[in-house]
Amino acid sequence: MRWGLRKKDTFFERKIKLIFKNNFGFVPADLHYYKEALMHRSALDRRPGATLNSNERLEFLGDSLLGAYAASYLFRKYPDGDEGFLTKLRSKIVSRNHLNKLAFDLQINQLVKNAIAQDQEANTIYGNALEAVIGAIYLEKGIGFLNKVLQTIFEKYINVKNIENTETDYKSRLFEHAQRERKPLRFNVISESMVQNRKFYTVEATLDQYASTGEGFSKKKAEQEASRSLLEKITLA
């Protein structure tokens, strides 16, 4: 069959292969890794005998791999950039908001399995799934192949110049808004869980009558995501 498609493939498996061929430049051979990468915990089959886990472990792996590649890419691209500049730009590239947009550009959003109501859908699940996909590519193909895929993604989908001018410190913007309005801003950790011996946080940000939550492998990431979501609510109110 044409580029890895088989008659026995399910519709979902064929869709994975098609989207990966068109956007990542290759067809996965071992789909188990990718099915897990695309499985949000809300849609996890918890029945006895279920073989897939949620994508949180792969997200952890992909987060580290993407951060390392972004650091190397920026180090080469900006030979005169100091540590502060490079760190800030890397943070923008791997931010939840940017990764979510990138996941849509790469059509990962069409593949993620989740059971979250549309009006409650967390903006981070697609970006998180993209990180999990990066982890899956590494496990199946190795670091050399992954770096070639990431190079293509950075060259084709990531406009670093535009990202330089993008604001991603949502928490600071939210504090500034709260100070202008003279209203108290609060952050509360509402849950903690362990993923691969690493804490995963859910944080709630509240300001006046508004509240939003965010998730991440650090309190800082969770607070930034909660701040981003809360700013959107305030702006649209």
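Residues numbered from 1 in each chain as written. Predicted model: local features only at pLDDT ≥ 70, side-chain atom pairs only at ≥ 80, totals over all residues. Heavy atoms only, no water.

Draft legend 1. Quick peek at the overall build of the protein chain. Regarding its fold elements, the protein chain presents 10 helices and 3 strands. Mapped from its N terminus to its C terminus, the protein chain presents α and β elements in the order α-α-α-α-α-α-α-α-α-β-β-β-α. Each of the 237 residues in the protein chain was classed as buried or not, and the buried ones make up 44%. Long-range contacts, defined here as pairs at least 24 residues apart, represent 53% of the contacts in the protein chain between residues at least 6 apart. About 13000 Å² of surface is accessible on the protein chain, with carbon and sulfur atoms providing 48% of the total. (Helix = DSSP H or I, 4+ residues; strand = E, 2+ residues; numbered from the N terminus. Buried < 20%, exposed > 50% of the residue type's maximum accessible area, 1.4 Å probe, protein only. Contact = heavy atoms within 4.5 Å. Areas by Shrake-Rupley, 256 points an atom, 1.4 Å probe, with all protein chains shown as cover.)

Draft legend 2. Looking closely at the pattern of salt bridges. Enumeration according to the criterion identifies 13 salt bridges in this entry. A salt bridge links lysine 199 to glutamate 192, with the shortest nitrogen-to-oxygen separation between them at 3.3 Å. The exposure class of glutamate 192 is partly exposed, given its relative accessible area of 45%. Through salt bridges with shared partners, a single ionic network connects Arg41, Glu56 and Glu215. (Salt bridge = Lys/Arg side-chain N within 4 Å of Asp/Glu carboxyl O.)

Draft legend 3. Expanded view of the pairing of strand β2 (residues 198–207). Here 7 bridges tie β2 to strand β3 (residues 210–216), and the two strands are oriented antiparallel to one another. Bridge pairing in β3 links leucine 207 to tyrosine 210. Remark: 2 residues form the turn of the hairpin made by β2 and β3, two consecutive strands paired antiparallel; aspartate 208 in that turn has positive phi of roughly 55 degrees. (Pairing = 2+ DSSP bridges.)

Draft legend 4. Structural context of a nonpolar patch on the surface. On the surface, Tyr138, Leu139 and Ile143 cluster together into a nonpolar patch covering about 240 Å² of accessible area. Mapped onto the elements, leucine 139 comes out in helix α6 (residues 125–141). Given a relative accessible area of 38%, leucine 139 falls into the partly exposed group. (Patch = residues over 30% accessible without salt bridge, like charges linked within 9 Å, V, L, I, M, F, W, Y side chains within 5 Å.)

Draft legend 5. Focus on the environment of glutamate 232. When you line up the elements, glutamate 232 lands in helix α10 (residues 219–236). Between the C-alpha atom of glutamate 232 and that of serine 212, which follows or precedes it by 20 residues, the distance is 9.7 Å. Reaching out from glutamate 232, the side chain makes a polar contact with the side chain of arginine 228 at a distance of 2.7 Å. (Polar contact = N/O pair within 3.5 Å; in protein donor to acceptor, adjacent residues only side chain to side chain.)

Draft legend 6. Fine view of helix α3 (residues 56–77). Across its 22 residues, α3 extends 31 Å between first and last C-alpha, which sits within 8% of the 32 Å expected from 1.5 Å per residue. The complete set of buried residues in α3 reads Glu56, Leu58, Glu59, Gly62, Asp63, Leu65, Leu66, Gly67, Tyr69, Ala70, Tyr73 and Leu74. (Expected span 1.5 Å × (residues − 1).)

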